[in-house]
There are 2 protein chains.
Amino acid sequence: MTRTLSLNAFLHDTGHHEASWRHPDSAAERVFDIDFAVENAQIAEQAKFDAIFFADGPGVWSATPHRPAGHLEPITRLAAIAARTERIGLIATASTTFYDPYNLARLFSSLDILSNGRAGWNIVTTQSEAIARNFSLKELPSPSERYLRAQEFIDVVTKLWDSWEDDAILADRESGVFFDPEKVHAINHVGTHFQVEGALAAPRSPQGRPVYVQAGSSNDGRAFAGRNAEAIFTAHQTIEDAQAFYADIKARAVAFGRSPDEVKILPGISPFIADTEAEAVELQHYVNSLTVPAYGLAQLEGLAGVSLAHLELDEAVPREIFGEAGNVLDNNRSRLQVIANIVERDRPTLRGLLHRLAGARGHNVVAGTPTQVADIITDWFQNGAADGFNVMPPLYPQLLEAFTEGVVPILQDRGLFRTEYTGRTLRDHFGLARPESLYAADPTEEAHVV
Amino acid sequence: MTRTLSLNAFLHDTGHHEASWRHPDSAAERVFDIDFAVENAQIAEQAKFDAIFFADGPGVWSATPHRPAGHLEPITRLAAIAARTERIGLIATASTTFYDPYNLARLFSSLDILSNGRAGWNIVTTQSEAIARNFSLKELPSPSERYLRAQEFIDVVTKLWDSWEDDAILADRESGVFFDPEKVHAINHVGTHFQVEGALAAPRSPQGRPVYVQAGSSNDGRAFAGRNAEAIFTAHQTIEDAQAFYADIKARAVAFGRSPDEVKILPGISPFIADTEAEAVELQHYVNSLTVPAYGLAQLEGLAGVSLAHLELDEAVPREIFGEAGNVLDNNRSRLQVIANIVERDRPTLRGLLHRLAGARGHNVVAGTPTQVADIITDWFQNGAADGFNVMPPLYPQLLEAFTEGVVPILQDRGLFRTEYTGRTLRDHFGLARPESLYAADPTEEAHVV
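Residues numbered from 1 in each chain as written. Chains lettered and ligands numbered in written order. Predicted model: local features only at pLDDT ≥ 70, side-chain atom pairs only at ≥ 80, totals over all residues. Heavy atoms only, no water.

Further remarks concern the interface of chain B and chain A. The interface of chain B with chain A comprises 76 residues on the first partner and 76 residues on the second. Across the interface of chain B and chain A, roughly 6,200 Å² is buried in total on both sides, 61% from carbon and sulfur atoms. If you sort the residues of chain B by the area they bury against chain A, B:Arg106, B:Arg173 and B:Phe178 come out on top, with a joint share of 13%. Scanning the region where chain B abuts chain A turns up 6 salt bridges. Between B:Glu197 and A:Arg133 there is a salt bridge, with its nearest N and O atoms 2.8 Å apart. Put simply, chain B and chain A have 33 residue pairs in polar contact (both at pLDDT 80 or more) between them. For the side of chain B that touches chain A, the elements supplying multiple residues, two or more each, are α2 (74-82), α3 (101-114), β5 (169-172), β6 (177-179) and β8 (195-196) of chain B. It is α3(B) that provides the largest number of residues to the side of chain B that touches chain A, a total of 7 residues. Classifying every residue of the side of chain B that touches chain A gives 43 nonpolar, 19 polar and 14 charged. (Contact = heavy atoms within 4.5 Å. Buried area = accessible area lost by both parts, 1.4 Å probe. Salt bridge = Lys/Arg side-chain N within 4 Å of Asp/Glu carboxyl O. Polar contact = N/O pair within 3.5 Å; in protein donor to acceptor, adjacent residues only side chain to side chain. Helix = DSSP H or I, 4+ residues; strand = E, 2+ residues; numbered from the N terminus. Nonpolar A, V, L, I, M, F, W, Y, C, P; charged D, E, K, R; others polar.)

See the structure below:
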C-alpha cells in the first residue's frame, strides 16, 4: 500500500494568526458560536481530513486584551460537532494534571461512542502556574512530577477503557441477562497517584481506546510520546529540525517495542495561500500589520521568562537574548529553541520576530501558491520529516478553504492524500490498529464486576 | 398570567421500568446509541416539553446483570443532542463530590453556550461507597460533609459563571481590544474545600448561569434545595405526601429570602397509558411479569441495608421490615420512607412490592387512559402538590409518545401547558429570571483579569 499522509485541521478562534480577528472578514463575532466551529469542521470533512483538533487549558488564555481570551471546553464542543459530521476524527486536549482519570475516561469514552469511533485525546500536563491556582494548588507540580502523574493517569484510563470486553453486552431478552458480569472487570488499580477500583460506567467504545495524541517536545515530553503517543503535533521551522525530531521519536517508539508506524508525526503548518506568491505574501504582511506589539511582547516575555522592555521594535534582536533566558519552564525550552534558531539564522528585528511568532506561535508559517504549499508538504512527507500535517490556517474559514480547494487536490493528484474516506473511525484514518482489551488479552485475569 | 405547568422528560435506558428492555419492542440494542436519545429528545421537543434530563453516577449502576448497567456521560450526550434540537432544555446530573468545580463549571458553561442557553445542572452529592473507590477515596464522606462541600462547590461555580460580565467582550477590530479586562474577574475564592483564583476560561453563557436542579429529599437535601435549587425532582406515591413536601420546600425557600416561585417542584410520574384503563393495566402487568426477582431484591436490599433472604415472594411483607432498617445511608431514608408507607398502606406481597418498585424505583407509577393521567396531573398541579412533572415513561419511545400524543393535548386544552415555546432558554421555559453577574451587581468589587 502506498504511504499516504494525514491532515488535521487545528481549529482555533478566528484563526491561528493572533491578529486574524482584526481582519475585516474575520469571524470575530462568532468565536464562541458552535455553528462557526461546525462549518469549519464540515469544510475539513468535505476535503477528507483525518481529524479536527482543539487545544485547551483550564484557564483564561491571556491577560492582554488584544486577542480572544476565552475558549469553550473542547470535549463538549466536539460532541456537538460529532452530531453534525459523519467521518472526521475529533481530537480534544485535556490535562492529566487537572482532571481526574475516572471522569476524563468517561468523557472520552462517551465522545467515542456518540461519534461512532472518532475520538482522540491530546494528552497534556499543562504548564501554567495560574491554572494551578484554579485547582486549589499553591504551585504547579514540576515537569517530572507532572509526567509521572500523566503516565499513571494514562495507565488508569487505558484500563478503564478496556474494562468492559467488547462482547460484554448480551441484551438477551429471553434469559433476562443484559450483560455478562465475567466480562466487566474491576480494574483494581493501586498506584502512587490514584487508587481506582471500578470498571468504567460505560461499555467499550468503538475504537476500543480513543487515539492517544501528544504535543510536548521537551525531553520528558519526547520520552512520554515515544512510549504512549499514536500521533504527535510538533513545531518546526525547517525540514532539518523536523527530520531530527522525526528520527528521534521513531527511535524512541522502537525502543519501547513499538513499530515506528504506530506513531504519526504531524508538524504544524500555517499557510497563507493565494493565486500568486506575491498576493500570499501581501496578505501575510497585511495580517501582520494588524498585530498589537504589546500582545506579542507579553507572550514572548512570558515564554522566555525575561523582560524585553529595553529592546527597540525596529532594531535587530541581540543574539544572546534567548540563549540566556533563565527562568524558563522546562516545557517551554523546545519552543524557545525554535525562536533562538530564528534569531541566529535570520537576524530579525524585534518587530520582525514578533510577526514571525504572531502567525502560529513558533509553528511553520508559509506564504505561497497552492502548488508551493503542496511542494513543501510533499518534500517534508517524502523526506523523513512528517507523516502528515497539523494544518493551522491563519484565518478561518477563508484560509482553510484556500487549503482544501487549492492544496488538497494537488496532494490527491500526486497520490499522497485520500479522495474518499476508506474507514469509519479515527484509527482507520490514521491507519492505527484497534487495540484488544487488556482483559480479553489476558485470560488468567480474574473477572470482577463492581 | 395563568400559571402553567412544566414537563421534563427523564431519559433513561430503554425506559424507567427495570424490565422494559425485555419488552419485544424495546430498544435494548440501542441503549448506547445517540440517535435513540436524540429521537426521544425530539419527541419531547415536538410536544414543547421544558427539558430532557439524564441521571448520572460515575460508576456502573448495578452489579446484577439483569438490567442495562452502563451509561454514557450525560453532558457530552446533551451536547450532541443540543446540535439536533432547537428549544428543549438539557439537564445533566453531575456530582459535587467527585468533580472539581473549575472543570465542571467549564463543562456546563460550554453546554449552555453551544445550546444557546438550554443547560441545567442536577446537583448531586452521590451516595455510593463503590463510586468513592473509583476516585482514590477509602470511604465515602458523610452526608453532612458532602453537603458542606456541595455548598462551597456551588458558590465557586456560581462565581466562575459570573466572572465574565455580560458585556466583557468588545471585539473592537479598530482599537485591537477584544475584551475589557475590567470586566473579567479573578474570583479569588479561598474556602475550606477549594481555593480558586481565576476567572472562568469562557465568557458568560446565555443564561448567565445554567439552571440549578436538585433531587435529594433527605433533611440535608431539603435544606440545600431550599437555598439553592430552582427546580426539584422528587418522588411521592400520594398527593398528600407531595403536598407536604411542596409546602416544606417552598417555606424553606422563603426562609432563605427567595420567592416561592423561584423553585419549581416536579414530582416523578411513570405512566402506562392506553386507550382503556384495562389495556393500560394489562401492559403494566405484562412488563412487571418480565422482571427478574433477584434484581429487584438486590436493589431493595441495597437500599434498605438489610437481608430479605428469609422472605417469601408471595407472602405479605412484614410491616416492621423497613421500619427497622438499620444500616441506611441518610440519603436513602426518604426513599425508604416511601417504601415503608406502601407496605403500611397496601400490605403487598414481596413480589407485589418488587413490581411496584420495578416501575420507577419508588416514583409514582400509574396506569390509565390519557384522560386519567391528565386528571392526576391536573389534580396535583392545582392542589399544591406540583409545579409540573418529571415524566418517566416506563418504555421509550412508545410510552413517551403515548404521553405526548394523548396526555399533552388534554393539558393544552385545559390551558395548563404551552402549545408553543414562548422563550428560547431553559430559564424562559421554567419562568426563571436570568441572574445578573455577582460582579456587575457589586460595583465596589475590584476587577481583575487572570
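Now for the side chain of B:Thr76. Relative to the helices and strands, B:Thr76 resides in helix α2. Residue class for B:Thr76 comes out buried when judged on its relative accessible area of 0%. The contact partners of B:Thr76, leaving out residues within four places of it in the chain, are A:Ile75, A:Ala79, A:Leu107, A:Ser110 and A:Leu114. (Buried < 20%, exposed > 50% of the residue type's maximum accessible area, 1.4 Å probe, protein only.)

Once that is clear, we can look at the relation of the copies chain B and chain A. Between the two copies of the chain lies a rotation about an axis combined with a shift along it. Placing chain B over chain A gives an RMSD of 0.0 Å and needs a rotation angle of 180°, together with 0.0 Å of translation along the axis. Expressed as a symmetry operation, the mapping of one chain copy onto the other fits a two-fold axis. Among all residues of chain B, the minimum C-alpha distance to the rotation axis is found for B:Ala80, at 2.1 Å. The fraction of interface residues of chain B whose copies in chain A are also interface residues reaches 100%, indicating that both copies meet through the same surface. (Least-squares fit on C-alpha atoms with pLDDT ≥ 70 in both.)

With that settled, the discussion passes to the pairing of strand β11 (residues 264-273) of chain B. Residue and element names in this part refer to chain B. Most of β11 sits inside the fold, with 10 of its 10 residues counted as buried. With burial as the criterion, each face of β11 is covered, one bearing Lys264, Leu266, Gly268, Ser270 and Phe272 and the other bearing Ile265, Pro267, Ile269, Pro271 and Ile273. In the sheet, strand β10 (residues 231-234) pairs with β11 via 4 bridges, with the strands oriented parallel. Bridging across to β11, Ala231 finds its partner in Lys264. Considered for its hand, the β-α-β crossover made up of β10, helix α7 (residues 239-255) and β11 is right-handed. Looking at chain direction, β11 and strand β13 (residues 388-391) are connected through 2 bridges and run parallel. The partner of Ile269 across the bridge, within β13, is Val391. As paired elements, β11 and strand β12 (residues 364-368) share 5 bridges and run parallel to each other. (Pairing = 2+ DSSP bridges. Right-handed = clockwise from strand over helix to strand, strands pointing away.)

With that settled, the discussion passes to the packing of aromatic side chains. The way to describe two aromatic rings as a pair is by their centre distance and the angle between their planes. Scanning all chains against the criterion turns up 30 aromatic pairs over all chains. Centroid distance A:Phe178 to B:Trp21: 5.3 Å. Interplanar angle 85°. Geometry classified as edge-to-face. Highlighted residues: A:Phe178 in strand β6 (residues 177-179) and B:Trp21 in the loop between β1 (6-11) and α1 (34-46), drawn from two different chains. Note on B:Trp21: relative accessible area 0%, which makes it buried. On the numbers, 5.7 Å between centres and 35° between planes, the contact of B:Phe108 with B:Trp121 is tilted. Here B:Trp121 lies in strand β4 (residues 119-124) and B:Phe108 lies in helix α3, a separation of 13 residues in the sequence. Residues B:Phe108 and B:Trp121 agree in their burial class; the two are buried. Between A:Arg3 and the ring centre of A:Phe381, over which it is positioned, the NZ or CZ distance is 3.9 Å. (Phe/Tyr/Trp six-rings, centres within 6.5 Å; stacked < 30°, edge-to-face > 60°. Lys NZ or Arg CZ within 6 Å of the ring centre and 35° of its normal.)

So, about unusual backbone geometry. Cis geometry is found at the peptide bond from A:Tyr396 to A:Pro397, where omega equals -5°. With respect to the helices and strands, A:Pro397 occurs in the loop between β13 (388-391) and α13 (398-413). Phi angles above zero are rare outside glycine, and A:Asn188 is one such case at about 45°. For A:Asn188, the position within the fold is in the loop between β6 and β7 (189-190). Of note, B:Lys48 is a non-glycine position whose phi angle comes to about 70°, a positive value.

A few words now on the UniProt feature "binding site: FMN" (unreviewed entry) in chain A. Residues and elements named next belong to chain A. Here the UniProt feature "binding site: FMN" (unreviewed entry) sits at Asp56, Thr93, Tyr147, Ser217 and Ser218. Assessed through its relative accessible area of 3%, Thr93 is described here as buried. Sequence-distant contacts of Thr93, that is, excluding residues within four places in its chain, are made with Phe53, Phe54, Ala55, Asp56, Pro74, Asn122 and Val124. In terms of polar contacts, Thr93 uses its side chain to reach the backbone carbonyl oxygen of Phe54, at 2.8 Å. (UniProt positions renumbered as here; feature names shortened; annotations may be inferred.)

This part takes up the packing of helix α2 (residues 74-82) of chain A against helix α3 (residues 101-114) of chain A. Residues and elements named next belong to chain A. Axis separation between α2 and α3 bottoms out at 9 Å; the angle between their running directions is 10°. When the axis of α2 is compared with that of α3, the two are roughly parallel. Contacts between α2 and α3 involve Ile75, Leu78, Ala79 and Ala82 on the former and, on the latter, Leu104, Leu107, Phe108, Leu111 and Leu114. (Axes fitted to C-alpha atoms, helices over the stretch in contact; angles between N-to-C directions. Parallel < 35°, antiparallel > 145°, perpendicular 65-115°, else oblique.)

Moving on, we get to the nonpolar core. Among the nonpolar cores identified, the biggest contains 164 residues, and A:Phe49 and B:Phe49 are the most heavily contacted of them. Formed by 19 residues, the second largest nonpolar core is a distinct cluster that contains A:Ile91, A:Val211, A:Ala360 and A:Leu399. (Core = buried A, V, L, I, M, F, W, Y, C linked by side-chain atoms within 4.5 Å.)

The subject of this paragraph is the pattern of salt bridges. All names here are of chain A. Taken as a whole and assessed by the stated rule, the structure comprises 48 salt bridges over all chains. With its nearest N and O atoms 2.8 Å apart, the salt bridge here joins Asp314 to Arg351. Here the residue Asp314 occupies a position in the loop between α9 (293-304) and α10 (333-346), and Arg351 occupies one in helix α11 (residues 350-360), the gap between them amounting to 37 residues. Since its relative accessible area comes to 52%, Asp314 is described here as exposed. The salt bridge involving Glu344 is made with Arg319; its shortest N-O contact spans 3.4 Å.

Residues and elements named next belong to chain B. The first and last C-alpha atoms of helix α13 (residues 398-413) sit 23 Å apart over 16 residues, in line with the 22 Å expected at 1.5 Å per residue. Approximately 35° is the largest bend angle found in α13, and it occurs at Val407, with the proline Pro409 only one to four residues beyond. Looking only at α13, the buried set comprises Leu399, Leu400, Phe403, Thr404, Gly406, Val407, Val408, Ile410 and Leu411. Elements in contact with the buried residues of α13: β1, α1, β11, α8 (277-289), α12 (370-382) and β13. In the stretch just after α13, Gly415 is the one whose phi turns positive, near 75°. (Expected span 1.5 Å × (residues − 1). Bend = angle between axes of the 7 residues up to and from the residue.)

Our focus in this paragraph is the environment of A:Ala280. Residues and elements named next belong to chain A. In this fold, Ala280 is placed in helix α8 (residues 277-289). A residue is classified by how much of its surface remains accessible, and Ala280, at 0% relative accessible area, is buried. When the C-alpha positions of Ala280 and Ala37 are compared, they lie 25 Å apart, and in sequence the two are 243 residues distant. Discounting residues that sit within four places of it in the chain, Ala280 has contacts with Phe272, Ile273, Ala274, Ala367 and Gly368.

The subject of this paragraph is the environment of A:Leu5. Tracing the chain through its elements places A:Leu5 in the segment before β1 (6-10). What makes A:Leu5 buried here is its relative accessible area of 1%.

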